[in-house]
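# Secondary and tertiary structure notes
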Amino acid sequence: MLSKRMQELKPSPTLALAAKAKQLKADGHDVISLTVGEPDWTTYAKAKEAGKTAIDENKTTYTPAAGIPPLKAAIAELIGQQIQKTIDPSQVTVGAGAKFIIYAALTAVLDPGDEVIVPSPYWVSYPTMVELAGGEPKIVQCEESTDFKMTADQLEQAMTSKTKAVLLNSPSNPTGAEYSTEELVALAAVLKQHPNVVIISDDIYNQLSFNSESLSPHILNVEPSLFDRCLSINGMSKAYAMTGWRIGWAVGPEVLIKAMASFQSQTTGASSSVSQWASVTAIKDCHKEVEQALVALKERKTFFLDKISKVPGLSIFNPQGAFYLWVNINQWIGQSYKGEALKDSKQVAEALLNDEKLAVVPGQEFGLDGYLRLSFAASTKDLEEATRRFLNFQSQLS
Ligand SMILES: Cc1ncc(COP(=O)(O)O)c(C=O)c1O
């Protein structure tokens, strides 16, 4: 009965792992989950109030497929400030989360067989979404020596006559690596040589940057002329702690935005009206809250980095943004645990979950084995206890 596409489709591994951890918790186990990519603080009060008001004012009907005008205007202003360009609301489309917006973007640009350059380690969903949209992911393996970032040379070498798009994600999920202005200048120089290639810039963590500006540099800051073939994708989930409200957006040239809006209108329809109204308030009135969240995240990063670095055999990448630690466990691979040699990150993650009741995501899921991704959007108590469990696990290796 199932189509070939669906037979091959695996559910999102991070969501599956998070669900397994939740189930163990429901079964009475004392589980600590550092799996899921969401803030552990709640949606800001002003945004919640705006959502409630929208319900009371009966703003509960269908909206335009590309979003309500006040939200498109708020997004145009926010992103316009970030990329230092005047954005017209016609250059914005709002959808049901950045995830769907990325899929809509890929659908808008890909014909069967087109290649999309995906730097690895990558966010788990990119390769699958490229395939679902009919394209072929062209994975570029990025090295620890370049902080897991794609170099201009690698980008140039990955380009073929079939290349249709490049996916950029800074700060990155899973590594937290952020492209510097100089690195973006070099990438932009390559992109300028390939005028038919679309840039899909996933900026979902750009306001959770630990640099002095509290904002990640953007490819359009260094090369504004790329705007006509760049989709800047972002949303409410991370900086505004609104994962469940499902609001994401793309800013870009009208021709692509219009196509995406048509696709949305024929698939999901408009995103939730209530969520859109709450998002207007969050974007306009919650700057302070975003700042405070970033301060808290920086503290937790420092706290967890300090603790977890003391676990023998682990080496940790110092992230420049987002809320993940990317942990090199290669020194553990090959060691004996309960009489068996550890062979990969999946086995380590499974053992941590089964025996230590500690849920983490294996690097394999992000295209690079020998690593684990740990979310530090958790309480310091949980981060401390997670470290204790890591130490307990490590003490049994030989
Ligand atoms: C890199 C990256 N892009 C996009 C998304 C999707 O975000 P949304 O909740 O808006 O669908 C996530 C969520 O985990 C992410 O980590």
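Residues numbered from 1 in each chain as written. Predicted model: local features only at pLDDT ≥ 70, side-chain atom pairs only at ≥ 80, totals over all residues.

## Topic: unusual backbone geometry
Note the threshold: A helix here means a DSSP run of H or I that spans at least four residues, while a strand means a run of E at least two residues long, and both kinds are numbered starting from the N terminus. Here the C-beta atoms are placed from the backbone, and a residue counts as buried if at least 20 other C-beta atoms lie within 10 Å of its own, exposed if 12 or fewer do, and partly exposed otherwise.
The omega torsion across Ser120 and Pro121 is 5°, close enough to zero to call that bond cis. Note on placement: Pro121 falls in the loop between strand S3 (115–120) and helix H6 (125–132). Pro171 follows Ser170 through a cis peptide bond whose omega is -5°. By secondary structure assignment, the location of Pro171 is in the loop between strand S5 (163–169) and helix H8 (181–192). One non-glycine residue, Asp147, lies in the positive phi region at around 55°. Assessed through the 20 C-beta atoms surrounding it within 10 Å, Asp147 is described here as buried. Even without being glycine, Ala241 reaches a positive phi, approximately 50°.

## Regarding the sheet that holds strand S2 (residues 92–95)
The cut-off we apply is this: A pair of strands is treated as paired once DSSP finds two or more bridges between them. The axes used here are C-alpha line fits, helices contributing only the stretch in contact, and every angle between their N-to-C directions lies in the interval 0 to 180 degrees. Each residue is represented by a C-beta atom placed from its backbone, and any two residues with such atoms within 7 Å are regarded as in contact.
Strand order across the open sheet formed by 7 strands is S2-S8-S7-S6-S5-S3-S4, with mixed pairing between neighbours. In the strand order of this sheet, the two ends are held by S2 and strand S4 (136–141), each with one partner. Averaged over all neighbouring strand pairs, the angle between strand axes comes to 20°, with direction disregarded. Bridge analysis of S5 against strand S6 (residues 198–202) gives 5 bridges, and the strand direction is parallel. Residue pairing for S6: Leu168 is matched across the bridge by Ser201. The strands that helix H4 (residues 69–83) touches are S2, strand S7 (230–235) and strand S8 (248–251); relative to S2, the one it contacts most, it runs at about 120°. Across the face of the sheet, helix H10 (residues 254–266) comes into contact with S2, S7 and S8 while running at roughly 25° to S2.

## Examining the pairing of strand S10 (residues 324–328)
Across the 5 residues that make up S10, a large majority, 4, are buried. Of the strand pairs in this sheet, strand S9 (residues 315–317) and S10 are connected by 3 bridges, and their pairing is antiparallel. Bridge pairing in S10 links Phe317 to Trp326. The hairpin turn running from S9 into S10, its antiparallel successor, is 6 residues long, and Ala322 in that turn takes a positive phi close to 65°. Here S10 runs beside strand S15 (residues 371–375); their pairing, made up of 5 bridges, is antiparallel.

## Details of the domain arrangement of the protein chain
Convention followed: Boundary definitions for the domains trace back to an automatic or database domain assignment. Gly is placed with the polar residues, together with every amino acid not listed as nonpolar (Ala, Val, Leu, Ile, Met, Phe, Trp, Tyr, Cys and Pro) or charged (Asp, Glu, Lys and Arg).
Examined at the domain level, the protein chain breaks down into domain 1 (4–42 + 289–393) and domain 2 (45–285). Relative to domain 2, the C-alpha centre of domain 1 lies at a distance of 25 Å. Taken together, the contact pairs 28 residues of domain 1 with 29 residues of domain 2. Sorting the residues of the side of domain 1 that touches domain 2 by element identifies helix H2 (13–26), helix H12 (287–308) and S10 as the ones contributing at least two each. With 5 residues, H12 is the single largest residue contributor to the side of domain 1 that touches domain 2. Class assignment of the residues belonging to the side of domain 1 that touches domain 2 gives a composition of 15 nonpolar, 8 polar and 5 charged.

## Quick look at the packing of helix H5 (residues 97–109) against H10
The following threshold applies: Any angle between 65 and 115 degrees counts as roughly perpendicular, while under 35 counts as roughly parallel, over 145 as roughly antiparallel, and the rest as oblique. Two helices cross in a left-handed way if the nearer one is turned anticlockwise from the farther one by less than a right angle. They cross in a right-handed way if the turn is clockwise.
At a minimum axis separation of 9 Å, H5 and H10 run at an interaxial angle of 115°. On the basis of their axis angle, the class for H5 and H10 is roughly perpendicular. Classified by chirality, the crossing of H10 by H5 is right-handed. Here H5 contributes Ala104, Ala105, Thr107 and Ala108 to the contact with H10, which in turn contributes Leu256, Ala259, Met260, Phe263 and Gln264. Of the residues that constitute the contact of H5 with H10, the class distribution is 7 nonpolar, 2 polar and no charged.

## Considerations on H2
For the record, the criterion: In this scheme, a helix's expected span is set at 1.5 Å multiplied by one less than its residue total. In this description, one arc is meant: the one made by directions from the helix axis to the C-beta atoms.
With 14 residues, H2 extends 20 Å from end C-alpha to end C-alpha; this agrees with the ideal 20 Å at 1.5 Å per step. Here H2 has its buried residues at Thr14, Leu17, Ala18 and Ala21. Summarising the axial view, the buried residues of H2 lie within an arc of 100°, below the 170-degree limit, and thus occupy one face. Residues of H2 that are exposed and angled more than 90 degrees away from the buried face: Gln23 and Ala26. Against the buried residues of H2 lie strand S1 (32–33), helix H13 (345–356), strand S13 (358–359) and strand S14 (361–362). In the stretch just after H2, Gly28 is the one whose phi turns positive, near 100°.

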